[in-house]
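Descriptive structure summary
Here are the chains, one letter per residue:
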Amino acid sequence: MVIKHYFQRSLFNNLKNLWLQFQASRRAKSKTPGKVATPPTGYELIFVDYFEEVRKDIWNYGQPWGNFHAEQPWWYWPMRSEARNIIKPTEEGLSIGLKNKPKQFEKANLQEWQKRADMPNEWVSPWAAGLLSTRLAWKYGWFEATIKLPKDKSQWSAFWLAGDRSWPPEIDVFEAYSQADPEDLTLKPNIHWGKAGTWQQGKKDYGAPAIALHDPTDRFIQYAVHWTKDFIRIYFDGYLVQECTNKEALKQNGQPQYIILNHGLKNFENKDLTPIGSSMLVKNVKVYQKI
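Predicted model only: the values in this text are computed from it and were never measured.

So, the side chain of Ser157
Relative to the elements of secondary structure, Ser157 occurs in strand E9 (residues 155-163). Engagement of the side chain of Ser157 in a polar contact is seen with the side chain of Gln155, the distance being 2.7 Å. One polar contact links Ser157 to His263, side chain to side chain, over a distance of 2.9 Å. Non-local contacts of Ser157, meaning those with residues more than four positions away in its chain, are made with Leu149, Pro150, Phe174, Glu175, Ala176, Asn262, His263, Gly264 and Met280.

Remarks on the packing of aromatic side chains
Overall, the coordinates contain 17 aromatic pairs when judged by the stated rule. With centroids separated by 4.9 Å and ring planes inclined at 35°, the aromatic side chains of Phe68 and Phe105 adopt a geometry described as tilted. Taken together, the residues Phe68 in the loop between strand E2 (59-61) and strand E3 (75-76) and Phe105 in strand E5 (residues 94-106) connect sequence positions 37 residues apart. An identical accessibility class is assigned to Phe68 and Phe105; each is buried. Summarising the aromatic geometry, the rings of Phe68 and Trp123 are spaced 5.2 Å apart at their centres and angled 50° between planes, so their arrangement reads as tilted. Linking Phe68 in the loop between E2 and E3 with Trp123 in strand E6 (residues 122-129), this pair joins segments that are 55 residues apart in sequence. Each member of the pair Phe68 and Trp123 is classed as buried. A network of ring pairs unites the aromatic residues Phe47, Trp138, Tyr140, Phe143 and Trp227 as a single cluster.

A look at the pattern of salt bridges
For the coordinates displayed, the defined rule picks out 14 salt bridges. Measuring nitrogen to oxygen at the nearest pair gives 3.0 Å for the salt bridge that ties Lys115 to Glu112. Between Asp218 and Lys151 there is a salt bridge whose closest N-O contact spans 2.9 Å. Placement of the pair is Asp218 in the loop between strand E12 (203-205) and strand E13 (221-227) and Lys151 in the loop between strand E8 (141-148) and E9, with a sequence separation of 67 residues. Exposure remark for Asp218: the relative accessible area of 44% places this residue in the partly exposed category. If you follow the salt bridges from partner to partner, you end up with Lys16, Arg233 and Glu243 in one network.

How each quantity is defined
- Residues numbered from 1 in each chain as written.
- Predicted model: local features only at pLDDT ≥ 70, side-chain atom pairs only at ≥ 80, totals over all residues.
- Heavy atoms only, no water.
- Helix = DSSP H or I, 4+ residues; strand = E, 2+ residues; numbered from the N terminus.
- Polar contact = N/O pair within 3.5 Å; in protein donor to acceptor, adjacent residues only side chain to side chain.
- Contact = heavy atoms within 4.5 Å.
- Phe/Tyr/Trp six-rings, centres within 6.5 Å; stacked < 30°, edge-to-face > 60°.
- Buried < 20%, exposed > 50% of the residue type's maximum accessible area, 1.4 Å probe, protein only.
- Salt bridge = Lys/Arg side-chain N within 4 Å of Asp/Glu carboxyl O.

Shown next, in the form of structure tokens:
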């Protein structure tokens, strides 16, 4: 986190979040057994998927707006027709893969927002990164997924929500990063808001502290967010690890958001960080809303 993030929180909220991070660190060192967090009384299960199949009426392959990001040309998100060996149900759970599967792109065929003056007319994106996004969107509720993270270099796996009408807003339940050591995994929650349609300019971040968690690549762990008009609370392994009460962030996040699951690639320029190829396993996804 950077200094500016602390100034957009109240003193009490800063102290509470620092205490939550400290507690998470103690649990990780002692390998405290995880538990399952449950939504408060009065919430009802309105959506669940155990991934016996990837249903066309529920899930998009790739983002709703496309399968390529202009500033990240080293990867792409395979669509349904080319994702058979990248995203697939298994006995353990839904496997969302990251594979070296080069694909050629032509600038003339991209959406207008993806085109940049400095792009070549043609190029090859070497990595296929599995990404699913729901066709459904919800405003407020309890969102959870049970996930075993991959062991890989330079990974960028995530479970998050994004605005159905514009971007930002965004609620990152977690983003998971590794570098050269696949065992050295950093997990961070975050919240984004700001002027709709902005990318780096105008976008605000709540702050993404590293949350210590033991063995996230060796076991299934529940990750959850409780999102209301008054707060956003994020849970790892059954424990509260971050709380947002910033009024501006909450107001601008007050639109329907869809769910995204992805296993991505953070860095491709350094050859020492080249991934081996791996999969994130998702056992289930659930959404509860207040009755």
